[in-house]
Amino acid sequence: MTPLLSVRDLVVEYIEPTGNVRVLDGVSLDIAPGEIIGLAGESGSGKSTLAFAITRLLRAPAVVRGGHIAWSGRDVLSMDEPALRAMRWAEVSMVFQSAMDALNPVLTIGAQLDDTLRAHGVTDRAALDSRGRALMALVDLQPEHLGRYPHELSGGMRQRACIAFALALQPQLVIMDEPTTALDVVVQRDILQRVLELQARLGFAVLFISHDLPLMLELADRVAVLYAGRLCELSPTAALQRGALHPYARGLLHAFPTLLGPRDAARAIDGAPPSPRSPPPGCRFHPRCGLADARCGLEAPPWVTWPADPTRQVACHHAGALEGGTP
Amino acid sequence: MTPLLEVRGLTKRFGAHVVLDGVDLDVGRGEIVALVGESGSGKSTIARVLARLERADAGRAALDGAPFDLLKHADVTRAYRARVQMVFQDPFGSLNPVHTVGEHLTRPLRLHGRTTPQGERSAALALLESVGLAPAAEFIDVYPHALSGGQRQRVAIARALAPQPALLIADEPTSMLDVSIRAGVLALLRELRDQHSVSMLLITHDLASARALADRILVLSAGRIVESGPTERVISAPEHPYTQQLLAAVPGAGPLLRRPHTGAPP
């Protein structure tokens, strides 16, 4: 199947007076139609930068320095403004972490929804109204909420409204950047349950960006783990849960306290993520890695398909060593 | 034995809005109590009232059996501050960017008479070692910007320990840290209790963190304690529907999110 989105060797830098900072360094990732792919990473790993690069929403000082992005076979990096406007929202939409910041505080929900629909050719009043009501129903909001201002809604309702906006034009891909991080867990669960139902019904693909790996494991078909601007591992969720190939992915899986098992089972990974301004040479994880040897500090491991399971990709000189497997 | 901290009927209003409605809580000596609640439950207000940053509208409290007046700020003595210290959520906002790590520690050491001028540097070094910032000599003269979030939070914990408090109030101490290092800060807090018998009131929205650290859990909803008990009992056999709902919503713990699957993933 042709991927919906194909990112190849993407390099993004932030231009700074003291030297350029490379925040994404050779990221390659495909998203298939209807797939939920999780992008896990810590703050500063570059996960939001990837979302903005895909939609060409990066602004100075961020610039794409290399690589390719293909959307349904079309070259995104060479698209002109009209082509980008046609792609954004109608084909690829986004849900951000802060619904309050994503919404316009001086317009009602309905007025903002109308703007979105009008910009993409729905102009008839009756059509706008019926579409608005249908979208509210989709995310379990009442039609009356169309007449409300963002501040009159709870945080969860605002995020539901943002999801309705993102689905307004029936996109093929919805990028969700920490969509429920600011919400309480019970609300988070209700909203994600709804997103999954809609995804199954409408068939859009989701790029789900989060630092919350346990949550992602419940949602995603595949999980990509990003560390300091490079992908470490991309595996089907079930395979990752059985055993990560990359030591960082494995460490992350064990870093979260849980409600089951031994109480003090969670283990921090030694050290801290590097600053993007001074990433370590070689493998970027090597200063924190228990498996690192001299080679790891010199040579960046290539991003390769795992020979024993071609559905998995990994970048590690010692990939799979923890599981006792060999490449 | 009287508990270290005893609070009865703590009530706080903001205008007409009652944020804390008769909260009772005890923290025993050497005990870690987690106060778990969602946003708006009033959990941070409890921390702020007990840290004496906010006045209560009603309620009684005693520390080491000695009553103190939660309703007045005038009653906040240096002796109270020496016994009760806070660790805040944001290690970027809670440290002073123009003070070195050493200055963050020597100030409370001096203020609370825990050191002599000659001894303050070695006392600060010892504090840094105790929070796992070793070798301490590499940390004492740097400014906060040179440290990672986890290292900053350890400095904030060292600063709170400087007056040798009996009680640490930690308000979401790991929620702004990178996920790969959070467990290390939880382990540090556990170790401080185990080795130095510091009691703790851990304020958190995260039941899994509460379970990892606390001896007892109090569940707060809309300004009231709806359930309390030993950690394992609250987690494995929650009695209040609200606690049950919270537990079921923790990723990886409750029933999985239902994915009405239409086909195999590509």
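Above: the structure in question.
Residue numbers restart at each chain and count upward from 1, following the sequence in its written direction. In the order they appear in the text, chains get letters beginning with A and ligands get numbers beginning with 1. A pLDDT threshold of at least 70 governs which residues receive local features in this predicted model, and a stricter bar of 80 or more applies before side-chain atom pairs are shown or counted, although totals over entire chains, interfaces and linings include all residues.

Q: I keep staring at the overall build of chain A and nothing clicks. Help me out?
A: For helices the rule is a DSSP run of H or I covering at least 4 residues; for strands it is a run of E covering at least 2, with both sets numbered from the N terminus onward. Check the secondary structure of chain A and you find 10 helices and 12 strands. For this measure, only C-alpha atoms enter the radius of gyration; the expected value for a globule follows 2.2 Å times N^0.38, where N is the number of residues. Its C-alpha atoms give chain A a radius of gyration of 21 Å, near enough to 20 Å, the size a compact globule of 327 residues would have. Here, residues touch in the contact sense if the C-beta positions derived from the backbone fall within 7 Å of one another. The contacts in chain A between residues at least 6 apart in sequence include a share of 64% that link residues at least 24 apart.

Q: Where do I start with the overall build of chain B in this structure?
A: Helix and strand counts for chain B come out as nine helices and 10 strands. Computed over its C-alpha atoms, the radius of gyration of chain B comes to 20 Å, within 12% of the 18 Å expected for a compact globule of 266 residues. Dimensions of chain B along its principal axes, counting C-alpha atoms only, are 70 × 55 × 35 Å. Looking at chain B as a whole, 46% of its 266 residues qualify as buried. Considering only intrachain contacts with a sequence separation of at least 6, the fraction spanning at least 24 residues in chain B is 63%. Comment: burial labels come from other C-beta atoms within 10 Å of the residue's own C-beta, placed from the backbone, where a count of 20 or more is buried, 12 or fewer is exposed, and between is partly exposed.

Q: Help me understand unusual backbone geometry in this model?
A: Working note: non-glycine residues mostly have negative phi, and peptide bonds are mostly trans. Residue A:Pro61 is bonded to the preceding A:Ala60 through a cis peptide linkage, with omega at 10°. As for its placement among the helices and strands, A:Pro61 is situated in the loop between α1 (47–54) and β4 (62–71). B:Pro135 follows B:Ala134 through a cis peptide bond whose omega is -5°. Structurally, B:Pro135 can be placed in the loop between α4 (120–130) and α5 (149–161). Its identity as a non-glycine residue notwithstanding, A:Glu178 has a phi of 50°, on the positive side.

Q: I would appreciate a short explanation of the environment of A:Gly155 in the present structure.
A: Residue and element names in this part refer to chain A. In this structure, Gly-155 sits in helix α6 (residues 155–167). Under the C-beta neighbour-count criterion, Gly-155 is labelled partly exposed, with 17 such atoms within 10 Å. For the pair Gly-155 and Thr-180, spaced 25 residues apart in sequence, the C-alpha separation works out to 9.6 Å. Once residues within four sequence positions are removed from consideration, Gly-155 is found in contact with Ala-99, Ala-182 and Leu-183.

Q: What is the right way to read the nonpolar core from this model?
A: One broad trend across soluble globular proteins is that nonpolar side chains are buried collectively. By convention in this section, buried Ala, Val, Leu, Ile, Met, Phe, Trp, Tyr and Cys residues joined through C-beta atoms within 7 Å make up a nonpolar core. Membership of the largest hydrophobic core comes to 174 residues, with the highest contact counts inside it found for A:Leu207, A:Val225 and B:Leu202. Per-element tally for this core: the top contributor is α6(A), with eight residues. Here B:Leu202 is in contact with B:Ile32, B:Ala34, B:Leu35, B:Ala170, B:Ala210, B:Leu213 and B:Ala214, once residues within four sequence places are set aside.

Q: Looking at this structure, how should I read the sheet that holds strand β4 (residues 58–63) of chain B?
A: Backbone hydrogen bonds hold the strands of a sheet together, and the pairing may be parallel or antiparallel. All names here are of chain B. Taken in spatial order, the four strands make up an open sheet running β2-β1-β4-β5, and their pairing is antiparallel. Strands at the two margins of the open sheet, each flanked by one partner only, are β2 (17–27) and β5 (66–68). Looking at each pair of strands side by side, their axes are set apart by 25° on average, direction ignored. By this definition, two strands are paired if DSSP reports at least two bridges between them. Bridge count between strand β1 (residues 5–14) and β2: eight bridges; the pairing is antiparallel. The residue bridging Lys-12 from the neighbouring strand is Leu-20, located in β2. Helix axes are fitted only over the stretch in contact, all axes being lines through C-alpha atoms; the angle between N-to-C directions runs from 0 to 180 degrees.

Q: Quick question: what am I supposed to make of the pairing of β1(B) here?
A: The side chains of a regular strand alternate between the sheet's two faces. All names here are of chain B. Connecting the antiparallel pair β1 and β2 is a turn made up of two residues, with Gly-15 showing a positive phi of about 60°. Note: β1 against β4, five bridges, orientation antiparallel. Paired with Glu-6 across the two strands is Ala-62, which belongs to β4.

Q: Looking at this structure, how should I read the pairing of strand β7 (residues 173–177) of chain A?
A: Residue and element names in this part refer to chain A. Of all five residues making up β7, five are buried, and the element is well covered by its neighbours. Alternating positions in β7 separate into two faces, Leu-173, Ile-175 and Asp-177 on one and Val-174 and Met-176 on the other, with burial throughout. In the sheet, β7 pairs with strand β8 (residues 205–210) via five bridges, with the strands oriented parallel. Its bridge partner lying in β8, Ile-175 is registered against Leu-207. For the handedness criterion, the β-α-β arrangement of β7, helix α7 (residues 185–202) and β8 is classed as right-handed. If the strands point away from the viewer and the path from the first strand over the helix to the second runs clockwise, then the crossover is right-handed.

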